[in-house]
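Overview (structure and organization)
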Amino acid sequence: MSADMNLKIKVWRQKNNKASGSFETYPVVANEHMSFLEMLDVLNEGLVNQKKEPIAFEHDCREGICGTCSMVINGQPHGPSSGTTTCQLHMRHFKDGDIIVVEPYRASAFPVLKDLAVDRSAFDRIIQAGGYISVNAGQAPDGNAIPIEKGRAGQSFEAAACIGCGACVAACPNGSAMLFTSAKIAHLGHLPQGEVESNKRAQAMVAQMDKEGFGMCSNIGACEAECPKEIKLENIAFMNRSYLKAVFSGEEV
Amino acid sequence: MSLNSKIPSGALAEKWTKYKSTMPIVAPNNKRKLEVIVVGTGLAGAAAASSLGELGYSVKCFTFHDSPRRAHSIAAQGGINAAKNYANDGDSVYRLFYDTIKGGDYRAREANVHRLAECSVDIIDQCVAQGVPFAREYGGLLENRSFGGVQVSRTFYARGQTGQQLLIGAYQSLSRQIALGTVQMYNRHEMLELVKVDGKARGIIARNLLTGELERHAAHAVVLATGGYGNVFYLSTNAMMCNVTAAWKSVKKGALMANPCFTQIHPTCIPVSGEYQSKLTLMSESLRNDGRVWVPKKKEDAQAIQQGKLKGVNIKEEDRDYFLERRYPAFGNLVPRDVASRASKVECDKGHGVSPTGLAVFLDFSDAMYRYGKTEANKKGMTGLSDAQIVALGEEVVSAKYGNLFEMYEKITGENPYKEPMKIYPAVHYTMGGVWVDYNLETNVPGLFALGECNFSDHGANRLGASALMQGLADGYFVIPYTIGTFLANEISTPKIKNDLPEFIEAEKATKALIDKLLNIKGNQSVESFHRRLGKIMWEYCGMARNEAGLVKGRQMIRELRAEYYRDVFVPGSNDEYNPELEKAIRVADLLEHGELMMVDALNRNESCGGHFREESVTDDGEAMRKDDEFAYVAAWEWNETEPILHKEPLVFENVELKTRSYK
Amino acid sequence: MKWIITFFSSSIGKKLLMSLTGLFLILFLVVHLIGNLQLLKDDGGEAFNTYAYMMTHNPLIKIVAYGNYFFIILHAFVGISIALYNKGAKGQKYAVSNSNKTTWASKNMALLGTLILAFILIHMGDFWFKMKFTDELGMKSYEGFPEVRDLYTRVSTAFSQLWIVVVYLIGMMVLSFHLWHGFQSAFQTLGFNHKKYTPLIKSVGKAYAILIPLGFAIIPIWYFLFKTM
Ligand SMILES: Cc1cc2nc3c(=O)[nH]c(=O)nc-3n(C[C@H](O)[C@H](O)[C@H](O)COP(=O)(O)OP(=O)(O)OC[C@H]3O[C@@H](n4cnc5c(N)ncnc54)[C@H](O)[C@@H]3O)c2cc1C
Ligand code: HEM
Ligand code: HEM
Ligand code: SF4
Ligand code: F3S
Ligand code: FES
């Protein structure tokens, strides 16, 4: 077995949405095989054993796919490894004696609920605005009725890989949700099935995104750099194109 | 109580079609007045809520997640089956039906499984129309691959993220209904109680997880799509928040829990690395298409590996035991999950395991890389390559097929699986058991339906790969929209159910009392520690191999653990805030009861079938022995603290012949 | 016509304004630089002064010039309002910042822009304002032209003062940073991003961001070093 690592975790504690928060520092003994969340589990178990309130953080699948885990580690959403969610980040990327600063996502549209947990329901509302194809169960033609060029299907898939974790917003100095929104617009827009509604979709989703209070993109690229699913900035360009096309050629919505 | 499965009459292949066209339906103007609660937003729940919304019912949908998109279905990797026969390899609805029945070791209902196979075809169409980016061929048509335990290529997939893509599709449909106002979505709401009025399911008590407030929600019918209970083992491939609470509370209100001991243990998971471990990660079954499973022949070698003195790559070919190929020459590394898992356990128990804990076997791709490398070299007309160059070519092919899985493996273990064989070990993955339902997916409580992994229906004693996604979506998109009508057609004159009926008040009070009780124990042990101990008991006594003495002992241990829980658990914080520890405490309380029932069921079923292996019931050469004359029934349990009551639903097979599964 | 308002109040609409005005200014700078390079001709200012005359009297160019003022103001106004909005949208900042994956310029466009604005104001006050609205400049006559204002002398006097030269050099540095990010960003905003041509846009952008400010910077340096004594 590998040697223990003695770490200090400096973590944001905030009772609830109304309270103001502050940092607290806790010692924890970890080892390199643990995931970052397992390290927090150990820390929490210790807190509970001392009858203290554990650190609230969100997580579920712990496989990097559900998009629930959300925190900023030493200034980076999901921590130092690229293309990795917090739950898949392992402690071997840290070393004995490190002080690790853990903060919640920061963006006005993602208010802090408690400690490291934030409210990302704005994302749901963006999808509700138009991130779908209007087809009822039972209406569909045969799956092979419309062939789709492999490359196009691939582009669509790559955008569809977004897990809705919100790290893009957390990373963006402008608190912009353009990467997330564009990933959905591109996922559906690249497919013939999705093209039908693309004008309406682009306008409605962008309007909702703006309404939620996300910032505007200055093409900084921090979102792409921190996205655990490596969603590309090309999607934002695709969204801009779709939106401009929709505004100048589509119906008013 | 006699269990009426309500299987329609007629020939197997015509049952569903005929039934669909004759069953009672609700007129559109009445649908609006009827309210339906759907609990869960996984494939089954999201599909159900959106299609019921599309039909015009007033739907209220609940999930404890912060968004419907986070449901555990998101994690499914491998694919979804459908009898499309696009591969032209002789697949058909009947063959899918047959494979599923056989794969389930003849412990599922014929009629349900056949309907599932019929619906499978529509699912793919529906998903494509929703924008699910399935893998495609160069010609632009859908691509298929083969998946464990079957001989045709019928699995549709989207890289290693099929579940994610299907769930996003369902989530999008659901989002559309939410926007249209037909579905009212309650995120971060956990169902903690079922409310029955006059014997019918009429609502739920849900806790708002942000404020702790208990809410009474009434409706004409309640649909559960709350997933499986694999987390009773603590360590499993399930997401951390998967639990049995919704199903269990319903069982406590009179629903029956069927075949709870049928759990699937998946052979290819990343082994446990330490005590702190919180969950196990699945490596998709598709890896066994190309990987060879082995352990060192010599115990000394295994020990040296365990101590870190030797590496797998350094063991000579003749000192390797490819035990699946040795024991099952016909299917080799592609034997069904239960068989592969047990074989690995046997080797590790004999001391041939290869991780520090001794609980792991190798999954080796070096042969595949060499083989693919050669084909690739031929294709490109390259000659005179060194072995290393060939392997490098092969690596590219393997990476194109499994790249994301290899990456995931490396992230977790820190080892490079292209250079060293993977280490894998079986882990709990899926629960075939669940709430008992009839052909309409209605439980024995009128108005209460159960879909997806939450019910027991289609997989018998073992589920084939890529068929859970199929079942969840079939249930949600294509079954419940029809079958719920059989209940609701009689409710059109029932006025809106009021949530201030005494039954609701009562149920809310009881829930509040339970929460207060847990908070006030103020003991010394964390919820997590109890959960971990429960998991160990389950794994030890109700895991891959079970026997009478162990099950009796295990049951007793769980009862003691449960008593200790109510004496000594410590739940920090209060009810009226966001309190994940309290949420967990409520879930673990239910798992502590459900675990006991699993032991009871396993003890009762003195046969080996599918994922349930009783050491007492084996053939002479140690293979599982089913006892069709004694146990060809569904064991549906009515819960009570002292002695759960067994109700049997006999399984009648009119269309398939019961055979011993043989993979030799 | 509601859609126009909706469009320009949307995030992408505002971004489109930024991008188009920015690209216009990029074009302006090229033209301006070419014109200004006449200052380097050793002809006592004839080429430059006649060029300046033409620039201020050709009606077409006049229209473009007014457009230019307007675009500068629009670009600055929208840019600053976006930046303020974004600051609010971000809310609280991180205690630890980690920025090794992004460029400094991209995150400081508003600061850089404000400095450019300040530069433009100083610059226009010095040359353009004095030429247009004061009689400080002497007159000169060249063949084929009526009397023209001697902007050339004004420029060379200005660039004989060290502090002005320094201000210009700083201004050009700032401009360079602004364009380092801005050039390629404008194309991304318009929706041009493809692996086939984006690398080209990025390279051209970087070259532009270096060469154009450098071209401008040569003028004050040259004057200061070679014309002052
Ligand atoms: C790692 C992994 C890989 C898999 N790969 C495959 C595969 O390749 N192919 C395949 O066919 N199957 C696969 N499976 C199985 C399959 O993913 C699941 O069986 C299936 O997705 C279950 O779907 P579901 O809709 O029934 O439940 P889930 O997706 O588990 O959804 C349950 C829902 O219920 C909600 N819920 C539960 N309880 C409550 C409550 N009390 N109150 C409110 N809401 C509640 C949850 O929030 C969630 O929304 C895999 C499973 C795992 C673990
Ligand atoms: C250092 C090199 C520069 C010199 C010598 C220079 C010189 C001049 C002169 C002489 C004028 C007035 C006459 C005219 O319209 O041509 C002018 C105008 C102007 N300059 Fe410059 N300039 C320089 C750099 C810049 C830069 C970098 C910018 C922008 C960021 C700029 C923006 C302007 C503007 C907006 C006007 C007003 C233009 C008009 O009236 O159309 N200049 N410049
Ligand atoms: C001649 C001078 C200038 C040029 C050539 C120029 C050019 C550009 C370009 C090309 C962009 C990128 C647009 C995009 O991302 O789509 C940009 C962005 C920006 N500019 Fe300028 N600009 C100039 C002056 C100014 C001034 C004077 C200000 C403000 C006072 C300013 C503020 C900004 C800001 C804030 C942005 C970022 C906008 C965003 O992306 O959100 N610029 N500029
Ligand atoms: S775009 Fe990337 S960072 Fe943003 S939500 Fe999707 S996966 Fe997360
Ligand atoms: S970091 Fe922000 S500014 Fe745009 S490119 Fe990404 S959203
Ligand atoms: S917990 Fe699911 S992505 Fe991290």
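Residues numbered from 1 in each chain as written. Chains lettered and ligands numbered in written order. Predicted model: local features only at pLDDT ≥ 70, side-chain atom pairs only at ≥ 80, totals over all residues. Heavy atoms only, no water.

A short note on the overall build of chain A
Looking only at helices and strands, chain A features 9 helices and 7 strands. Overall size of chain A, expressed as C-alpha extent along the three principal axes, is 60 × 40 × 35 Å. Within the span of chain A, comprising 253 residues, buried residues form 68% of the whole. For chain A, contacts bridging at least 24 residues in sequence account for 70% of all contacts bridging at least 6. Entry remark: accessible area of chain A is about 8,100 Å², with carbon and sulfur atoms responsible for 50%. (Helix = DSSP H or I, 4+ residues; strand = E, 2+ residues; numbered from the N terminus. Buried < 20%, exposed > 50% of the residue type's maximum accessible area, 1.4 Å probe, protein only. Contact = heavy atoms within 4.5 Å. Areas by Shrake-Rupley, 256 points an atom, 1.4 Å probe, with all protein chains shown as cover.)

Some thoughts on the interface of chain A and chain C
On the side of chain C, 35 residues touch chain A, which itself brings 50 residues to the contact. For the chain A and chain C pair, buried surface summed over both sides reaches about 3,600 Å², with 56% attributable to carbon and sulfur atoms. On the chain A side of the contact with chain C, Arg106(A), Met216(A) and Asn219(A) bury the most area, a combined 19% of that side's loss. Across the chain A-chain C interface, the total number found is 1 salt bridge. Scanning the region where chain A abuts chain C turns up 23 residue pairs in polar contact (both at pLDDT 80 or more). The element best represented in the side of chain A that touches chain C is helix H9 (residues 234-249) of chain A, accounting for 10 residues. Looking at the side of chain A that touches chain C residue by residue, the classes come out as 30 nonpolar, 13 polar and 7 charged. (Buried area = accessible area lost by both parts, 1.4 Å probe. Salt bridge = Lys/Arg side-chain N within 4 Å of Asp/Glu carboxyl O. Polar contact = N/O pair within 3.5 Å; in protein donor to acceptor, adjacent residues only side chain to side chain. Nonpolar A, V, L, I, M, F, W, Y, C, P; charged D, E, K, R; others polar.)

Structural notes on the site of ligand 5
Surrounding ligand 5, one finds Cys172(A), Asn174(A), Ser176(A), Cys217(A), Ser218(A), Asn219(A), Ile220(A), Gly221(A), Ala222(A), Cys223(A) and Leu233(A). Among the residues forming the shell around ligand 5, the class breakdown is 6 nonpolar, 5 polar and no charged. (Near = heavy atom within 4 Å.)

Digging into the nonpolar core
In terms of nonpolar packing, the biggest core is built from 288 residues, with Phe214(A), Ile80(B), Phe134(B), Ile484(B), Tyr565(B) and Phe159(C) touching the most fellow members. Composition of this core by domain shows at least three residues from each of domain 1 (4-114) and domain 2 (121-249) of chain A. Membership of the second largest hydrophobic core comes to 28 residues, among which are Met39(A), Phe57(A), Ile73(A) and Ile100(A). (Core = buried A, V, L, I, M, F, W, Y, C linked by side-chain atoms within 4.5 Å. Domains from an automatic or database assignment.)

Details of the site of ligand 2
Residues and elements named next belong to chain C. Taken together, 22 residues form the shell around ligand 2, and within it His32, Asn36, Tyr69, His123 and Trp128 come nearest. Measuring from an oxygen atom of ligand 2, one finds a side-chain N or O atom of Tyr69 at 2.5 Å. Take His123: an N or O atom from its side chain is 2.7 Å from a nitrogen atom of ligand 2. Broken down by secondary-structure element, the contributors of at least two residues to the shell around ligand 2 are helix H2 (11-36), helix H4 (59-90), helix H6 (109-133), helix H8 (162-190) and helix H9 (198-227). Looking at side-chain class alone, the shell around ligand 2 contains 19 nonpolar, 3 polar and no charged residues.

Notes on the coordination of the iron atom of ligand 2
Residues and elements named next belong to chain C. Protein coordination at the iron atom of ligand 2 comes from His32 (NE2) and His123 (NE2), with a distance range of 1.9 to 2.1 Å. One way to put it: the 6 donor atoms around the iron atom of ligand 2 meet at angles of 87 to 179°, and that makes the site octahedral. Placement of His32 in helix H2 and of His123 in helix H6 is noted, with a sequence separation of 91 residues between them. You can call His32 partly exposed: its relative accessible area is 21%. (Donors = N, O, S within 2.8 Å, 3.2 Å for Na, K, Ca; no water. Tetrahedral: all angles 85-135°; square planar, octahedral: opposite > 155°, others 65-115°.)

Some remarks on the coordination of the iron atom of ligand 3
Residues and elements named next belong to chain C. Bound to the iron atom of ligand 3 are the protein donor atoms His75 (NE2) and His178 (NE2), situated 1.9 to 2.0 Å from the metal. Because the angles between the 6 donor atoms bound to the iron atom of ligand 3 fall within 88 to 179°, the donor set is best described as octahedral. Here His178 lies in helix H8 and His75 lies in helix H4, a separation of 103 residues in the sequence. Assigned by exposure class, His75 and His178 land together as buried.

Overview of the sheet that holds strand E11 (residues 257-258) of chain B
All names here are of chain B. Read across the sheet, 4 strands follow the order E17-E11-E21-E22 without closing on themselves; strand pairing throughout is antiparallel. Two strands lie at the open edges of the sheet, namely strand E17 (434-435) and strand E22 (645-650), each paired on one side alone. Sitting on the sheet, helix H17 (residues 580-604) touches E11, strand E21 (633-638) and E22, and the angle it makes with E21 is about 145°. (Pairing = 2+ DSSP bridges. Axes fitted to C-alpha atoms, helices over the stretch in contact; angles between N-to-C directions.)

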